[in-house]
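Single-letter residue listing:
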Amino acid sequence: MTAINDVTKLDIIENVGVITLNSPPVNALSANVREGLDIGVKKAIENNDVQAIVIICEGRTFIAGADISEFGKEPKGPSLFEVQDVMENSPKPIIAAIHGTALGGGLEVALTCHYRIAVKSAKCGLPEVNLGLLPGAGGTQRLPRLVGVEQALKMVTSGIHLPAEQCLKSGLIDKLSSDDLLNDSVSFAKEIISENQPLKKVRDINEKVEAAKGNDELFKNFRKSIERKTRGFLAPEYNIQCIEAAVNKPFDEGIKVERDLFIKLISGNQSAAQRYFFFAQRQVAKIPDIPKETELLDIKKVGIIGAGTMGGGIAMNFANVGIPVTLVERSQERLDKGIGIIRKNYENTAAKGRITLEEVEKRMQCISGNISIDSLSDTDLIIEAVFENMDLKKEIFSKLDLIAKDNAILATNTSALDINEIAETTKRPENVIGLHFFSPANVMRLLEIVRGEKTSKQIIATSMVLAKNIGKTAALVGVCPGFVGNRILAQRQREANKLILEGALPWEIDDALFEFGFPMGPFAMSDLAGLDIGWDKETSRGETIREILCENERFGQKSGKGFYIYDENRNKLPDNDVEKIIQEFAENKQIKRREIEKDEILKRCLYPMINEGFKILDEGMAIRASDIDIIWINGYGWPIYEGGPMFYGNLIGYDKILSWLQEMEKEHGSDFSPSPYLEKVVGEKINIFS
Ligand code: 3H9
């Protein structure tokens with residue numbers, strides 16, 4: 001055995017040189033790994049005892065890509081292209097032996113090998129698009145040469161990880177290994193030598209790309225098929241242009257196109273935001289004062305109080321992963337209705353082909369119902385999901401205190417109420433926590449985990465891990481009105497409501513935010529949710545536009561009109577009647593209306609959100625700025641390529657935002673008072689992301 005460097009070794013097994021990389025956690029292509037590969041391959045080529053070379057990795061995975069944390073830093077060591085050049089031009093066949101995931105630059109390394117073998121559980125993909133990038137080490141030119149243009153388009157624009165068996169079918173790998181990858185790859189190498197098989201350079205395989213030459217329709221149709229999903233993102237389109245180049249240009253020219261577009265993407269803000277998101281998404285799971293080794297509670301059974309929309313949606317999350325759930329309702333009728341809706345939801349999913357009918361039954365078997373809270377006495381986690389009424393919640397928690405197991409987690413799904421107050425109704429406030437699911441709870445990825453003053457570390461740690469197990473991204477937040485997400489949302493809503501009185505129309509505001517990248521603006525969102533939520537006919541006095549709309553039976557989409565009017569396909573259209581209602585209301589309030597530009601709409605809606613983010617950080621209600629961004633991206637549709645409110649604010653310049661707030665405060669008062677922490681960050685040039 002020869003140690004090449006601290007992450008690489010070279011063994012000679014019979015006449016095969018085996019280069020092993022070991023750079024935890026994911027063997028990313030850091031300068032060290034590139035250097036190891038470079039020297040390892042050169043040494044193996046020089047060695048007369050070696051007739052073929054295997055590249056294999058230790059640890060959980062094959063190379064998972066370029067080292068993202070090196071992007072934007074001074075380059076060190078050999079470039080990936082130099083290493084790939086040595087590999088592809090090796091006079092001895094090189095075989096990539098893949099386990100775990102071969103992703104991004106990792107798959108690109110494998111694509112410069114002459115052969116690829118993988119274990120059945122392995123997956124391959126080019127997920128650069130998710131980082132706002134494209135495969136920049138020949139991936140866009142080599143992949144379609146093996147798997148064909150359509151498959152390559154799908155892979156580079158979605159970033160999917162293709163399972164090994166499909167990789168074999170599509171030609172991406174040459175052979176499947178049993179579980180003994182090292183042995184199998186050495187045998188494969190010996191077979192290649194003994195059969196004198198050719199040095200297959202992927203760059204020279206042209207049939208599949210030539211088959212698509214002149215087929216402009218293929219690209220046109222593909223662009224159309226992903227148009228909605230990729231709105232606003234640059235990377236998918238640039239990836240497509242690279243595949244077009246692979247079809248229409250010789251390999252070396254295609255590589256130039258790939259290089260130019262890669263540089264454009266990597267130096268732009270979108271990729272910076274998406275790379276930031278990648279790390280933020282992993283950071284959010286780390287709680288500084290809770291040790292990793294905290295002993296977790298075993299959650300084998302879950303109880304949910306309330307089988308309405310929220311309770312039912314929450315139950316589905318557990319049933320989806322095989323955890324039994326008991327739903328508790330006040331009457332059998334409500335219970336049957338709630339469970340019936342869950343079944344319908346699953347059946348709809350099955351009708352779309354996303355799950356099988358057997359899977360529907362399997363999941364339904366995990367769900368049972370009861371009309372007595374006592375039935376939850378042996379559950380490990382109980383989530384209260386009744387409507388927002390403090391007295392009712394207190395009553396439920398004091399009952400739970402009497403019947404729940406000693407170490408059961410007692411959770412509330414409240415989106416607004418004081419969790420400390422709820423916890424105090426029990427003799428075990430350390431077991432009480434907020435699990436704030438977002439609607440629809442079976443679909444939305446975000447879970448705000450709300451830490452009460454007395455919530456124990458074990459309960460928090462267990463909730464964080466449980467969230468991951470049910471496919472949620474959890475962010476730990478503190479107790480304050482609206483927690484983090486809704487507290488920031490309230491700022492945008494308030495300004496949007498003011499703007500329509502000052503002269504902007506609801507659709508102008510919605511359009512500005514839609515163009516910014518949100519899936520919909522605040523007024524379209526209100527119409528979707530229903531304007532009558534929380535509205536009471538008896539007490540309504542026409543004091544807000546919303547009240548007036550409800551008084552006119554404009555409840556939103558469900559009644560065919562709200563801020564908008566809806567056609568039979570639920571397409572929204574601006575409505576003159578709404579314009580009149582707003583104008584009259586503003587006139588009565590003596591508000592002078594004026595033209596409001598898109599730029600002002602965006603500032604008015606977004607800057608107060610960023611200011612609120614600073615207040616939240618100052619009060620310690622979020623652990624870090626990037627957690628706020630994670631909440632807004634996963635729970636409220638903030639476009640990933642704009643990085644979340646805190647990242648976006650940094651791009652604009654916190655100093656500019658502060659000056660704007662100060663000006664606005666002078667003219668319009670305390671809605672715009674800057675957070676003292678924002679002033680400090682600007683004054684002392686503090687980096688809130690370090
Ligand atoms: C690229 O390749 C560009 C090339 O085309 C062109 C070059 C010229 N770099 O996700 P996990 C860290 S772009 C640095 O929790 P899992 C991660 O931050 C790259 N660090 O594990 C975490 O750190 P920590 C294309 C990385 O088992 C730890 O590893 N490749 C990288 O759930 C564990 O990660 C990708 O986009 C990286 N490339 O999932 C693949 N990857 O423990 C990105 C991970 O301190 N990676 N880390 O929080 C993944 O998708 C997942 O990490 C993977 C493992 C599926 C591999």
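Just so you know, these numbers come straight off a predicted model, no measurement behind them. (Residues numbered from 1 in each chain as written. Predicted model: local features only at pLDDT ≥ 70, side-chain atom pairs only at ≥ 80, totals over all residues. Heavy atoms only, no water.)

A. Quick peek at the packing of helix H25 (residues 625–636) against helix H26 (residues 645–652). Running from amino to carboxyl end, H25 crosses H26 at an angle of 115 degrees, the nearest separation of the two axes being 7 Å. Residues Ala625, Ile628, Asp629 and Trp632 of H25 form the contact with H26, whose participating residues are Pro645, Met646 and Phe647. (Axes fitted to C-alpha atoms, helices over the stretch in contact; angles between N-to-C directions. Helix = DSSP H or I, 4+ residues; strand = E, 2+ residues; numbered from the N terminus. Contact = heavy atoms within 4.5 Å.)

B. Layout of the pairing of strand E7 (residues 115–119). Counting buried positions over the 5 residues of E7 gives 5, a clear majority of the element. Side chains of E7 alternate between two faces, with Tyr115, Ile117 and Val119 and Arg116 and Ala118 buried alike. Across 4 bridges, the pairing between strand E5 (residues 94–98) and E7 is parallel. Within the sheet, the bridge partner assigned to Ala97 lies in E7 and is Ile117. As judged from the 3 bridges shared by E7 and strand E10 (residues 175–177), these two strands associate in the parallel manner. Within E10, the residue paired with Ile117 across the bridge is Lys175. (Buried < 20%, exposed > 50% of the residue type's maximum accessible area, 1.4 Å probe, protein only. Pairing = 2+ DSSP bridges.)

C. Here's a closer look at the side chain of Glu88. Looking at the element boundaries, Glu88 is found in helix H2 (residues 80–88). Judged by relative accessible area, Glu88 falls into the buried class, the value being 3%.

D. Expanded view of the sheet that holds E7. In spatial order, the strands read E1-E2-E3-E4-E5-E7-E10; together these 7 strands make up an open sheet with mixed pairing. For this open sheet the edge positions go to strand E1 (2–5) and E10, each flanked by a neighbour on one side alone. Each strand axis lies, on average, 25 degrees off the axis of its neighbour in the sheet, ignoring direction. Sheet strands in contact with helix H1 (residues 31–46) are E1, strand E2 (8–13), strand E3 (16–21), strand E4 (52–57) and E5, and its direction is about 140 degrees off that of E1.

E. Layout of the site of the ligand. Surveying the vicinity of the ligand reveals 23 residues, the closest of which are Arg60, Glu108, Glu128, Arg282 and Lys286. Note that an oxygen atom of the ligand is positioned 2.7 Å from one of the side-chain N or O atoms of Glu108. Bound to the protein, the ligand loses 75% of the 1000 Å² it would expose on its own. Among the elements of the structure, strand E6 (101–103), helix H3 (105–112) and helix H12 (269–283) are those that each provide at least two residues to the shell around the ligand. The leading source of residues in the shell around the ligand is H12, at 3 residues. Of the residues assigned to the shell around the ligand, the class counts are 12 nonpolar, 5 polar and 6 charged. (Near = heavy atom within 4 Å. Polar contact = N/O pair within 3.5 Å; in protein donor to acceptor, adjacent residues only side chain to side chain. Areas by Shrake-Rupley, 256 points an atom, 1.4 Å probe, with all protein chains shown as cover. Nonpolar A, V, L, I, M, F, W, Y, C, P; charged D, E, K, R; others polar.)

F. Main features of the domain arrangement of the protein chain. Its domain assignment divides the protein chain into domain 1 (2–266), domain 2 (302–484), domain 3 (504–588) and domain 4 (598–684). Placing the centre of domain 1 and that of domain 3 at their C-alpha centroids yields a distance of 52 Å. (Domains from an automatic or database assignment.)

G. Main features of the pairing of strand E17 (residues 446–451). The element E17 is extensively covered by neighbouring structure, given that 5 of its 6 residues are classed as buried. Two strands pair when backbone bridges link them, and strand E16 (residues 432–437) and E17 are joined in this way by 4 bridges, in the antiparallel orientation. Within E17, the residue paired with His436 across the bridge is Glu448. The pairing of E17 with strand E18 (residues 473–478) spans 6 bridges and is classified as parallel. Bridged to Ile449 within E18 is Leu476. Note that the unit made of E17, helix H18 (residues 457–469) and E18 has a crossover that is right-handed. (Right-handed = clockwise from strand over helix to strand, strands pointing away.)

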